[in-house]
Amino acid sequence: MSPRDAPGMPSPNGNGSCNTAAVPCSCGHNHGHQPFAGQPATAPDPDALISARGLSMWRGSREVLTDINLDVKRGEIVTLIGPNGAGKTTLVRLLLGIEQPDAGRVVKPASTRIGYVPQRFEVDSAIPMTVGSFLTLGEHATLKDIRAALEETGAAKTISQQLSKLSGGETQRVLIARALLRKPNLLILDEPASGVDFTGEADLYDLIDRLRAKHNLGVLLVSHDLHVVMARSDRVICVNGHVCCSGKPEDVSQHAAYARIFGPQAASALGVYRHHHDHRHDLAGEPKPLADVPPQGRGS
Amino acid sequence: MLEWPEPFVWRALFAALGLAIIAAPLGCIVVWRRMSYVGETLSQAGLLGVALGLAANVDLTLAVILAAIAAAGVLTLLSRQQMVPLDSALGLMHHATLALGIAAIALVKGPAIDLMSYLFGDVFAVTQNDLYWIYGGGAVVVAITLYLWQPLVRLSLHEDLATAEGINPRLPRAAFDLLLAVVIAVAMKIVGILLVMAFLVVPAVAARPLSDTPERMAALAAVLAILGVILGLWLSLWSDAPGGPSIVIALCTIASISLLAGSRIRR
């Protein structure tokens, strides 16, 4: 059966009431009801670096993505969260043009330059490759550019090491340096913290945050865990085949669908890692003063 | 004992040296992409090409190239199915092509054909015409390899990253299969169908522990292959062992020494 013949493809959904705040939706499963659209399915935002409208994707007879809409603009960090198998990586592959969607479209203005950091970059030890030669591979980068990019991502000492011998955190920093050498205005990072330990994870997100501010980048992050990530995101899109809910991190974390996917303790975990926050939400979603939140957030 | 100035010795030497240089960079990519079993299957499909070429009375080099390309096409289709792992599919095709090839050669011309010379090659029977194939075809292969080198390395390293950065994976991959088919056809005369992949894979394996970038590995693989050819031909003339296997023995010895040395250095 061709995926295009498959029945039940929902039409783009006009529900646009929920692009800033999450609205309760009863979706713990991903079929049999009209999915909740993360963004209004209108024309792509002209300011967006990348937009998706009505993306759907089938693998065999299984629909892995249904009617996905999203926009990423300059200067904002948008995080895709969702459980394993929710279709996050497939969505990224569609956005990057590695695969073509069965329905819907990806819109990128000609000015958009993407820096991509793939998930699980494990270099086969059969391939000899120093960090320095990896960074010049296919790039017109001088040694000075390479040094500067590695310096910026905190991986300067790896320049002559073998790529296959780097730690998880070093690999991610080298990949981000490669992405920066392409002078991007949009960074797409798929699970950047996989293979990185807990403190390394916080440092990595600090780095991404700094790069965003310094270069005025749009950032699209993929994560299956939430804590450190959500605290730094401007917008969170919770994906489980379709967009379950989206909005500001604190709104999404109070959302019923989110709690169903990640468990009730996930909502409270967010408060611990959020620093620049003048209030928090109780379980009913009401704003509360910050006083009873532990003062020291990350690390110990 | 040593009949060094004999023309057939010079032809053998030039043929094997040409092949060593052509095969080295491609062999590295075979190793990086973990394709040695794929290459093995393509080269054995070449035997079927020999049979069909004899039956249709066309140039055997061309017939082998076409058979290897056809096998590469079948493998591409096989890699898309989900029923059995590619390794199992290769195990099936690998033996099917060899058995079909041997049976077909026997049926086409009867036992008068020297099957051994196709299976193990005969480097000392290389003709002037073969040398034209090796150096003419080889120049084209080297030119295309150089042109596609960077995309091939990037695809070997991480296909998604390369594709996201704007490389269309189809063209380099198809071109690579074509180059592999040409090298197999050319190498068949020298080392034979059963040992063709040794010429590609073993120098790359030998070069790996002593290299820190892809380009150095390819260059070093060529140098070590040249060394192996000279040592192997000398071994063959000295001991009267067949030429192709002697070269492969020399290459494997060099690779073993390199791996041992590499493990010492790393420790």
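All figures in this text were calculated on a predicted structure; none of them were measured in a lab.

## Some details on the overall build of chain B
Then, in step 1: Along chain B, the regular secondary structure elements total eleven helices and zero strands.
Then, in step 2: Reading the helices (α) and strands (β) of chain B from amino to carboxyl end gives α-α-α-α-α-α-α-α-α-α-α.
Then, in step 3: With respect to the three principal axes, the spread of C-alpha positions in chain B is 55 × 45 × 30 Å.
Then, in step 4: Residues classed as buried in chain B amount to 47% of the 267 residues present.

## Remarks on the overall build of chain A
Then, in step 1: Scanning chain A from terminus to terminus reveals nine helices and eleven strands.
Then, in step 2: Out of the 300 residues in chain A, the part that is buried amounts to 47%.
Then, in step 3: Residue pairs in contact within chain A that sit at least 24 positions apart in sequence constitute 68% of those at least 6 positions apart.

## Regarding the interface of chain B and chain A
Then, in step 1: Across the boundary between the two partners, chain B contributes 19 residues, which contact 16 residues of chain A.
Then, in step 2: Contributions of two or more residues to the side of chain B that touches chain A are made by helix H1 (7–32), helix H6 (128–157), helix H7 (159–164) and helix H10 (214–239) of chain B.
Then, in step 3: With five residues, the top contributor of residues to the side of chain B that touches chain A is H6(B).
Then, in step 4: By residue class, the composition of the side of chain B that touches chain A is eight nonpolar, six polar and five charged.

## Overview of the sheet that holds strand S1 (residues 48–59) of chain A
All names here are of chain A.
Then, in step 1: Strand order in the open sheet formed by three strands is S2-S1-S4, and the pairing between neighbours is antiparallel. Two strands bound the open sheet, and with one partner strand each, they are strand S2 (62–73) and strand S4 (103–107). Averaged over all pairs of adjacent strands, the angle between their axes in this sheet comes to 15°, without regard to strand direction.
Then, in step 2: Looking at chain direction, S1 and S4 are connected through four bridges and run antiparallel. By the bridge assignment, arginine 53 is partnered in S4 with arginine 105.
Then, in step 3: Contacts from helix H1 (residues 88–96) reach S1, S2 and S4, with the element oriented near 125° to S1.

## Some points on the sheet that holds strand S5 (residues 114–117) of chain A
All names here are of chain A.
Then, in step 1: With mixed pairing, six strands are arranged side by side in an open sheet as S5-S6-S7-S3-S8-S9. The open sheet has two edge strands, S5 and strand S9 (242–247), and neither has a second partner. With direction set aside, neighbouring strand axes in the sheet form an average angle of 15°.
Then, in step 2: Here H1 sits on the sheet in contact with strand S3 (77–81), S5, strand S6 (186–190), strand S7 (218–223) and strand S8 (235–240), set at roughly 150° to S6.
Then, in step 3: Docked against the sheet, helix H4 (residues 168–181) engages S5 and S6, running at close to 165° with respect to S5.

## Here's the deal with unusual backbone geometry
Then, in step 1: The phi dihedral of A:Asp67 is positive, around 50°, even though this residue is not glycine.
Then, in step 2: Summarising the element assignment, A:Asp67 is placed in strand S2.
Then, in step 3: Judged by local crowding, A:Asp67 falls into the buried class, with 26 C-beta atoms found within 10 Å.
Then, in step 4: Unlike most non-glycine residues, B:Asp240 shows phi in positive territory, near 70°.
Then, in step 5: Taking the number of C-beta atoms within 10 Å as the measure of exposure, B:Asp240 has 9 and is therefore exposed.

## Thoughts on the domain arrangement of chain A
Then, in step 1: When the domains of chain A are assigned, the result is domain 1 (40–113 + 185–274) and domain 2 (122–183).
Then, in step 2: Within the side of domain 1 of chain A that touches domain 2 of chain A, the residues separate by chemical class into five nonpolar, two polar and one charged.

## Things to note about the packing of helix H3 (residues 60–80) of chain B against helix H8 (residues 170–191) of chain B
All names here are of chain B.
Then, in step 1: Two elements in contact, H3 and H8, have axes whose closest approach is 8 Å; the angle formed by their N-to-C orientations is 140°. In terms of axis orientation, H3 runs oblique to H8. For the pair H3 and H8, the crossing hand works out as right-handed. Along its contact with H3, which presents Thr61, Val64, Ile65, Ala68, Ile69 and Ala72, the element H8 presents Asp177, Leu178, Ala181, Val182, Ile184, Ala185 and Met188.

## Describing the nonpolar core
Then, in step 1: In this structure, B:Leu19, B:Ala23, B:Ala68, B:Val183, B:Ile184, B:Ala187 and B:Ala221 are the most contacted members of the largest nonpolar core, which totals 156 residues.
Then, in step 2: Setting aside residues no more than four positions away along its own chain, B:Leu19 makes contact with B:Ile134, B:Val186, B:Ala187, B:Ile190 and B:Phe199.

## Looking at the pairing of S3(A)
Residues and elements named next belong to chain A.
Then, in step 1: For S3, the buried fraction is high: five of the five residues fall into the buried class.
Then, in step 2: Side-chain alternation along S3 places Ile77, Thr79 and Ile81 on one buried face and Val78 and Leu80 on a second face that is also buried.
Then, in step 3: Bridge analysis of S3 against S7 gives five bridges, and the strand direction is parallel. Counterpart to isoleucine 81 in the pairing with S7 is serine 223.

## Concerning the packing of helix H2 (residues 36–56) of chain B against H8(B)
Residues and elements named next belong to chain B.
Then, in step 1: Between H2 and H8, the shortest axis-to-axis distance is 10 Å and the interhelical angle comes to 55°. The orientation of H2 relative to H8 falls into the category oblique. The chirality of how H2 crosses H8 is right-handed. Residues Gly39, Leu42, Ser43 and Gly46 of H2 pack against Leu180, Ala181, Ile184, Ala185 and Met188 of H8.
Then, in step 2: Its residues assigned to classes, the contact of H2 with H8 shows six nonpolar, three polar and no charged.

Definitions and cut-offs
Residues numbered from 1 in each chain as written. Chains lettered and ligands numbered in written order. Predicted model: local features only at pLDDT ≥ 70, side-chain atom pairs only at ≥ 80, totals over all residues. Helix = DSSP H or I, 4+ residues; strand = E, 2+ residues; numbered from the N terminus. Buried ≥ 20, exposed ≤ 12 C-beta atoms within 10 Å, placed from the backbone. Contact = placed C-beta atoms within 7 Å. Nonpolar A, V, L, I, M, F, W, Y, C, P; charged D, E, K, R; others polar. Pairing = 2+ DSSP bridges. Axes fitted to C-alpha atoms, helices over the stretch in contact; angles between N-to-C directions. Domains from an automatic or database assignment. Parallel < 35°, antiparallel > 145°, perpendicular 65-115°, else oblique. Left-handed = near helix turned anticlockwise from the far one by under 90°. Core = buried A, V, L, I, M, F, W, Y, C linked by C-beta atoms within 7 Å.

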